[in-house]
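One letter stands for each residue in the lines below.
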Amino acid sequence: MLLRTHFTITLFAVLILFSSVEHKISFVLMSFVATLIPDLDTPFSKVGNHLILRPFQFFVKHRGLIHIFTFLFLLTLFFVLFFPILALGFFLGYGLHLFADSFSVEGIQALYQFKKKIFWRIRAGGKTEMSIFVVFLLANLFLILLEFSGFFWVRIRKRNKDFVYISKTNN
């Protein structure tokens with residue numbers, strides 16, 4: 001998938017979780033930085049086309065080690081142990097990138113030792129990916145407008161059932 005699609009998907013998740021996160025700036029920044037990391041292994045991406053990354057790309061093939069959920073879990077564990085404030089943002093950005101790439105034609109290898117790839121039929125830059133990009137872009141615009149218009153999500157309890165509804169603030 002293209003970088004713009006990865007960013008819009010990550011932005012959607014960031015907007016959904018934003019109010020629940022304590023360290024908002026580090027969460028947002030880490031989410032977007034982490035969404036870039038899996039494509040450092042290819043010179044054909046906007047992120048990986050820098051000469052400084054060529055030695056790294058020589059040792060790691062595209063959709064190889066850093067496009068595996070096992071690697072995601074190990075790096076997230078590192079962040080949980082040493083930089084816990086950044087862990088959720090890292091897991092979200094990196095994980096959504098891998099999840100989105102699993103729907104592409106090339107697919108990804110789910111876990112380290114399993115050679116079988118998970119994939120679907122979405123071509124990078126194709127019509128289906130463009131549709132996904134537009135849907136998430138519109139959803140992001142809706143969430144941003146919802147936030148700035150003074151609406152917020154409220155959870156109430158009624159007859160032992162949880163309901164989620166939108167209410168207008170009177171500030």
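Because the structure is predicted, anything quoted here is derived from the model rather than measured.

Definitions and limits used
- Within each chain, residues carry numbers counting from 1 in the order of the written sequence.
- Local features are withheld for residues below a pLDDT of 70 in this predicted model, meaning they are given only at 70 or higher, and side-chain atom pairs are given and counted only at 80 or more; totals for whole chains, interfaces and linings count all residues.
- Hydrogens and waters are ignored; side-chain quantities use all the structure's heavy atoms.
- Secondary structure elements are defined from DSSP: runs of H or I of at least 4 residues count as helices, runs of E of at least 2 residues count as strands, and each element is numbered from the N terminus.
- Contact between two residues is taken to exist if any of their heavy atoms lie within 4.5 Å; hydrogens are not considered.
- The predictor's confidence in any single residue is recorded as pLDDT, a number from 0 to 100.
- Each patch is built from residues lacking any salt bridge and having more than 30% relative accessible area; the joining distance is 9 Å for like charges and 5 Å for nonpolar side chains (Val, Leu, Ile, Met, Phe, Trp, Tyr).
- Areas reported as accessible are Shrake-Rupley estimates using a 1.4 Å probe. Residue values count occlusion only from the protein chains shown.
- Any carboxyl oxygen of Asp or Glu that lies within 4 Å of a side-chain nitrogen of Lys or Arg is treated as forming a salt bridge with it.
- Multiplying 1.5 Å by the residue count of a helix minus one yields the expected span of that helix.
- When a residue's accessible area, from a 1.4 Å probe over protein chains only, is under 20% of the maximum for its type it is buried; when over 50% it is exposed; and in between it is partly exposed.
- By construction, the arc corresponds to the directions joining the helix axis to the C-beta atoms.
- Working definition of a nonpolar core: buried Ala, Val, Leu, Ile, Met, Phe, Trp, Tyr and Cys residues. They are joined through side-chain atoms within 4.5 Å.

Novice: Tell me about the side chain of H6, and please be specific about residues and values.
Specialist: One can find H6 in helix α1 (residues 3-17). The residues touching H6, leaving out its near neighbours within four places in the chain, are M1, T35, D39, H97, A100 and D101.

Novice: Which residues make up the confidence of the model for the protein, and what values do they have?
Specialist: Atomic detail in the predicted coordinates should be set aside for any region of low pLDDT. Scored by pLDDT, the protein comes out at a mean of 78, with 67% of its residues at no less than 70. A low-confidence stretch, residues 153-160 (pLDDT under 50), is modelled with 17 contacts involving residues beyond four sequence positions or located in other chains.

Novice: Describe a nonpolar patch on the surface, and please don't skip the residues or the numbers.
Specialist: Taken together, L77, F78, L81, F82 and F83 make up a surface patch of nonpolar side chains, about 520 Å² in accessible area. Mapping F82 onto the fold places it in helix α4 (residues 69-82).

Novice: An account of helix α2 (residues 24-36) is requested, with residue identities and associated values reported.
Specialist: The end-to-end C-alpha separation of α2 is 19 Å, in line with the 18 Å expected for 13 residues at 1.5 Å each. Where α2 is concerned, the buried positions are S26, F27, M30, S31, A34 and T35. Projected down its long axis, α2 carries its buried residues within an arc of 155 degrees, all on one side. Turned more than 90 degrees away from the buried face of α2, the exposed residues are I25 and L29. Along its buried surface, α2 packs onto α1, α4 and α5 (84-101).

Novice: Could you give me a rundown of the nonpolar core, with the residues and numbers involved?
Specialist: Listed in full, the eleven residues of the largest apolar core are M30, A34, I66, F69, L72, F79, A87, F90, Y94, L98 and I108. Mapped by element, the contributors of at least two residues to this core are α2, α4 and α5. Counting residues per element, this core draws most heavily on α5, at four residues. Aside from chain neighbours lying at most four places away, what touches F90 is M30, A34, I37, L72, L75, T76, F79 and G95. Counting residues in hydrophobic clusters, the runner-up holds five residues, among them A13, V14, V21 and L92.

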